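Observations on the three-dimensional arrangement
One-letter residues, chain by chain:
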Amino acid sequence: MKLERIRDNNDPRVERSLAEYRTSFPLHEQRRAASQAALFDREAYHFTLLLDGDTEVGTLLYWDLGEA
């Protein structure tokens, strides 16, 4: 297993991951598309794929705010 951070909203894997996101969370818990896309400009935001070999098995969306 490995993690791969995606830094470009235009990466085709982003849309595949977000399709799963849209079916996994209620609408009121989801970011709108434009808001989600804008986050890629933020260094602290991580859109990370979990890979088993070359197969995408999960997505991690999180903020790295450093130590508290």
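All values derive from a computational prediction rather than experimental measurement. (Residues numbered from 1 in each chain as written. Predicted model: local features only at pLDDT ≥ 70, side-chain atom pairs only at ≥ 80, totals over all residues. Heavy atoms only, no water.)

A word on the overall build of the chain
If you tally the helices and strands in the chain, you get two helices and three strands. Listing every helix and strand of the chain by position from the N terminus yields β-α-α-β-β. For 68 residues, the compact-globule formula gives about 11 Å, and the C-alpha radius of gyration of the chain, at 12 Å, lands near that figure. Overall, the C-alpha framework of the chain stretches about 30 × 30 × 25 Å when taken along its three principal axes. The buried share among the 68 residues of the chain stands at 25%. Once local pairs closer than 6 in sequence are excluded, the contacts in the chain between residues at least 24 apart make up 51%. About 5100 Å² of surface is accessible on the chain, with carbon and sulfur atoms providing 51% of the total. In the chain, the 9 positive side-chain charges and the 13 negative ones have mean positions that sit 4 Å from each other. (Helix = DSSP H or I, 4+ residues; strand = E, 2+ residues; numbered from the N terminus. Rg over C-alpha atoms; globule rule 2.2 N^0.38 Å. Buried < 20%, exposed > 50% of the residue type's maximum accessible area, 1.4 Å probe, protein only. Contact = heavy atoms within 4.5 Å. Areas by Shrake-Rupley, 256 points an atom, 1.4 Å probe, with all protein chains shown as cover. Lys, Arg positive; Asp, Glu negative; His and termini not counted. Charge placed at Lys NZ, Arg CZ, Asp CG, Glu CD.)

Let's talk about the pattern of salt bridges
Within this structure, the stated rule accounts for six salt bridges. Here the salt bridges share partners, and the residues they tie into one network are Glu 4, Asp 11 and Arg 13. (Salt bridge = Lys/Arg side-chain N within 4 Å of Asp/Glu carboxyl O.)

Describing the sheet that holds strand E1 (residues 2-6)
Sheet architecture is open: three strands sit in the order E1-E2-E3, paired in antiparallel fashion. Two strands in the sheet have a free side with no partner beyond their single neighbour: E1 and strand E3 (55-63). Direction aside, neighbouring strands of the sheet carry axes that sit 30 degrees apart on average. Here E1 pairs with strand E2 (residues 45-52) via five bridges, running antiparallel. Bridge assignment links Lys 2 to a residue of E2, and that residue is Leu 51. (Pairing = 2+ DSSP bridges. Axes fitted to C-alpha atoms, helices over the stretch in contact; angles between N-to-C directions.)

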